[in-house]
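Given next are the chains, with one letter for each unit.
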Amino acid sequence: MAQTNAEPRLSPVYWRFWWATGFTTVGDGAFAAVVPLLAVTITRDPRLVSVVSAATYLPWLLLSLPVGALVDRHDRFALMWRSQAIQAVMVGVIAILAAFGQAGILTLAIVAFGLGACAVVSGNAAQAILPDIVGKPLLHRVNGHQQTITTIGRQFVGPPIGSLLFAVAVALPYGMAAGSFALAAALLATLPRRGRHKTEPPPMRTAIADGLRWLAGHRLLRTLAVLLGVNTFCFQLANATLVLLATQTLDLSALVYGVLLAGAAAGSLLGALVNARVVKRIGAFPALLTALATNVVVFAGIGLSPNAIVLGALLAVNGFVTTLWNLVTVSLRQEIVPSGMLGRVNSVYKMLGWGLIPLGALAGGVVAHAFGLRAPYLVAGVLRGIALLVALPVMIRAIRDQRS
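What you are looking at is a predicted structure, and each value in this text was computed from that prediction instead of being measured. (Residues numbered from 1 in each chain as written. Predicted model: local features only at pLDDT ≥ 70, side-chain atom pairs only at ≥ 80, totals over all residues. Heavy atoms only, no water.)

Q: Even after reading the chapter, I still don't get the overall build of the chain, so can you show me in this structure?
A: Of regular secondary structure, the chain possesses 16 helices and zero strands. Taken against the 2.2 N^0.38 rule, which gives 22 Å for 404 residues, the C-alpha radius of gyration of the chain at 20 Å falls within 12% of a compact globule. By the burial criterion, 54% of the 404 residues in the chain qualify as buried. Look at the contacts in the chain between residues 6 or more apart in sequence, and 89% of them connect residues 24 or more apart. (Helix = DSSP H or I, 4+ residues; strand = E, 2+ residues; numbered from the N terminus. Rg over C-alpha atoms; globule rule 2.2 N^0.38 Å. Buried < 20%, exposed > 50% of the residue type's maximum accessible area, 1.4 Å probe, protein only. Contact = heavy atoms within 4.5 Å.)

Q: Just checking my understanding: could you explain the environment of I396 for this structure?
A: Tracing the sequence through the fold places I396 in helix α16 (residues 375-403). It is 13 Å that separates the C-alpha atoms of I396 and R222, two residues lying 174 residues apart in sequence.

Q: Can you walk me through the nonpolar core in this structure?
A: The nonpolar side chains of soluble globular proteins are, as a tendency, buried together. Within the largest apolar cluster, 60 residues are counted, with the highest numbers of intra-cluster contacts made by Y14, F17, F77, I133 and W325. Setting aside residues up to four positions removed in sequence, Y14 forms contacts with L130, I133, V134, V142, H145 and Q146. F166, L244, F299 and I302 belong to the second largest nonpolar core, which has 55 residues in total. (Core = buried A, V, L, I, M, F, W, Y, C linked by side-chain atoms within 4.5 Å.)

Q: Help me out: how do you make sense of the pattern of salt bridges in this one?
A: Oppositely charged side chains can form a pair if their charged atoms are brought close together. On inspection of all chains with the given rule, the structure shows four salt bridges. The partner of D72 in a salt bridge is R76, and the shortest N-O contact between them spans 2.7 Å. Here D72 matches R76 in class, with each residue buried. We note a salt bridge from D210 to R344, for which the minimum N-O separation is 3.9 Å. Taken together, the positions of D210 in helix α8 (residues 204-216) and R344 in helix α14 (residues 342-354) put the pair 134 residues apart, joining distant regions of the chain. (Salt bridge = Lys/Arg side-chain N within 4 Å of Asp/Glu carboxyl O.)

Q: I would appreciate a short explanation of the packing of helix α2 (residues 46-62) against helix α15 (residues 357-371) in the present structure.
A: Interaxial distance between α2 and α15 falls to 7 Å at its minimum, and their mutual angle equals 170°. With respect to α15, the axis of α2 lies roughly antiparallel. Every residue of α15 that contacts α2 at P46, R47, S50, V51, S53, A54, Y57 and L58 is listed here: I357, P358, A361, L362, G365, V366, A368 and H369. Considering only residue class, the contact of α2 with α15 consists of eleven nonpolar, four polar and one charged. (Axes fitted to C-alpha atoms, helices over the stretch in contact; angles between N-to-C directions. Parallel < 35°, antiparallel > 145°, perpendicular 65-115°, else oblique. Nonpolar A, V, L, I, M, F, W, Y, C, P; charged D, E, K, R; others polar.)

Structural data, given as structure tokens:
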């Protein structure tokens, strides 16, 4: 039988999934850009602004573990489209409230929490189902595709369009985001059902405990999860008040702020396009180390940025190396973790990795209020540097064990 080296083609199911990801991320990007802009029209207190950011990520701490068990026992596409439909409704409510000037900080925080809860479901299900619809040999390729469309939608398209629409009318970007989520839900609802269990699944508590034990027993993934937790805490500590740094310290308009976010998107997009080749050329561990070390310098530089051009360039570098980290670590989990465990292990990984983000956002507001709007990035850079130095020996040992 003749053999061929041709790479398998991606199925129509995957491409519909890809388009749904695109619509979702455009909505995510628009909402993420305009929520802080709406918040600063309500209050200038950085502590209150950071509360909205914290509420977005709090579900990763509170809901990640039970959601992981649900993802491993229910149809993953169905979980995704239903969560997207709920997001469309919630953002539509904000559009109506904003149009009539009735959106307050508490309302924004509640909706942000609801959207974050839906993101826990859809994000976990999306990463868990990908190996099933494309196969492990294609994971680096399709993760590159996913990184590309996510970057384009969440950072390159959504934020500038959202900021532009916000400048025209406060409610417009929220209506656009609601439409994006609705389109994603409609696409995902057409995908074939994929049942998870032919037999009765284990009790919820047992399923969650299995995921905890699996990750706890894998030194490399456990180490990366803890390191991710420190780094995302630092990222949100710095980023929660970025809108205030841009609009108050550097005196930028809402439109320029959206363009500034597009600078980060440009770096992320470039990273999504070339980082698979970077990893292939230099190896996974050197790529991770490069990303981590570069971000230490970048965070300190952002805190000292004298103008929008320097700030935009540093945000672009941050986007590039963060995409490099994501490409390596997501593919690694999908390759190592068994498919039936992937939802639970991902949920534990993300709870450790993203669970501290709300605390980082609140800490950022406190630091900015006490020491100025530049201080959060400087503090975050120092903390990331310390975390890297502490984790490096553990990562080296874990990678040696993984290879042996």
